[in-house]
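# A closer look at the structure
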Amino acid sequence: MPQVLKSLEQSGPLVLSYMDRSGKIAVERVAIGFGMSKSQLAETTGLARETLYRSERSLGAKTQSRLREMLEIISRVSDWAGGKEQAMAWYRAQPLPAFGGRTPESLVKDGKAAAVRDYLDHMALGGFA
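These notes cover the structure that comes with them.

So, how was this worked out
Residues numbered from 1 in each chain as written. Predicted model: local features only at pLDDT ≥ 70, side-chain atom pairs only at ≥ 80, totals over all residues. Heavy atoms only, no water. Helix = DSSP H or I, 4+ residues; strand = E, 2+ residues; numbered from the N terminus. Buried < 20%, exposed > 50% of the residue type's maximum accessible area, 1.4 Å probe, protein only. Axes fitted to C-alpha atoms, helices over the stretch in contact; angles between N-to-C directions. Parallel < 35°, antiparallel > 145°, perpendicular 65-115°, else oblique. Contact = heavy atoms within 4.5 Å. Phe/Tyr/Trp six-rings, centres within 6.5 Å; stacked < 30°, edge-to-face > 60°. Nonpolar A, V, L, I, M, F, W, Y, C, P; charged D, E, K, R; others polar. Arc of directions from axis to C-beta. Expected span 1.5 Å × (residues − 1). Bend = angle between axes of the 7 residues up to and from the residue.

### Some thoughts on the side chain of Thr-63
Considering the arrangement of structural elements, one finds Thr-63 in helix H6 (residues 61-81). Looking at Thr-63, the relative accessible area reads 5%, which means it is buried.

Shown next as structure tokens:
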């Protein structure tokens, strides 16, 4: 339980704003919050379309993890990007030189969210891309 609380504290209010009462990320709330359909959200997270349309699959560990990773990264950049919508645009389209021009979205889809978070930490400390 302490690990869960630590994770919630680090991910900040953006992730918390998309959670339901049970502590799960509400897919519908995320889609509406970013002005996307569930199909578009599935594409953005690298999940199968059906995953977000079936409640039992949308509550699964892999789905919840992928949504949390996306929201954590967007939360980290939303202040300097100018808001969550601009942060989502950055997430989906900004090529990162340190990763051969791959976008944060493509890296998270490949299970490399930790590398993106490390990159953002490095940049926040004044490192070079």
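Anyway, onward from the coordinates.
### A word on the packing of H6 against helix H9 (residues 113-124)
One can describe the packing of H6 onto H9 by two numbers: an axis separation of 10 Å at closest approach and a directional angle of 10°. As far as their axial angle goes, H9 and H6 are roughly parallel. The residues of H9 that touch H6, namely those facing Glu-69, Glu-72, Ile-73, Arg-76 and Val-77, are Ala-113, Val-116, Arg-117, Leu-120 and Asp-121.

### Quick look at the packing of aromatic side chains
For the structure shown, the criterion picks out 3 aromatic pairs. Here the aromatic rings of Trp-80 and Trp-90 are separated by 5.7 Å at their centres, their planes lie at 85°, and the arrangement is edge-to-face. Taken as a pair, Trp-80 in helix H6 and Trp-90 in helix H7 (residues 84-93) lie far apart in primary sequence, 10 residues in all. Seen from their ring centres, Phe-99 and Tyr-119 are 5.7 Å apart, and the 65° between their planes marks the pair as edge-to-face. Here Tyr-119 lies in helix H9 and Phe-99 lies in the loop between H7 and helix H8 (104-109), a separation of 20 residues in the sequence. On the accessibility criterion, Phe-99 (22% relative accessible area) is partly exposed.

### Describing the packing of helix H3 (residues 38-45) against H6
The contact between H3 and H6 brings their axes to 10 Å, and the two run at 80°. With respect to their mutual orientation, H3 and H6 come out roughly perpendicular. Contacts from Leu-41, Thr-44 and Thr-45 of H3 reach H6 at Arg-66, Leu-67 and Met-70. For the contact of H3 with H6, the per-class residue count stands at 3 nonpolar, 2 polar and 1 charged.

### Examining H7
By the burial criterion, the buried members of H7 are Ala-87, Met-88, Trp-90 and Tyr-91. For H7, the angular spread of buried residues about the axis comes to 160°, placing them on one side. Where H7 is buried, its residues contact H3, H6, H8 and H9.

### Focus on H6
With 21 residues, H6 should cover 30 Å at 1.5 Å per step; its first-to-last C-alpha distance of 29 Å lies within 8% of that length. Its axis deflected by about 30° at Ser-75, H6 carries its strongest bend there. Immediately downstream of H6, the backbone of Gly-82 shows phi near 105°, a positive value.

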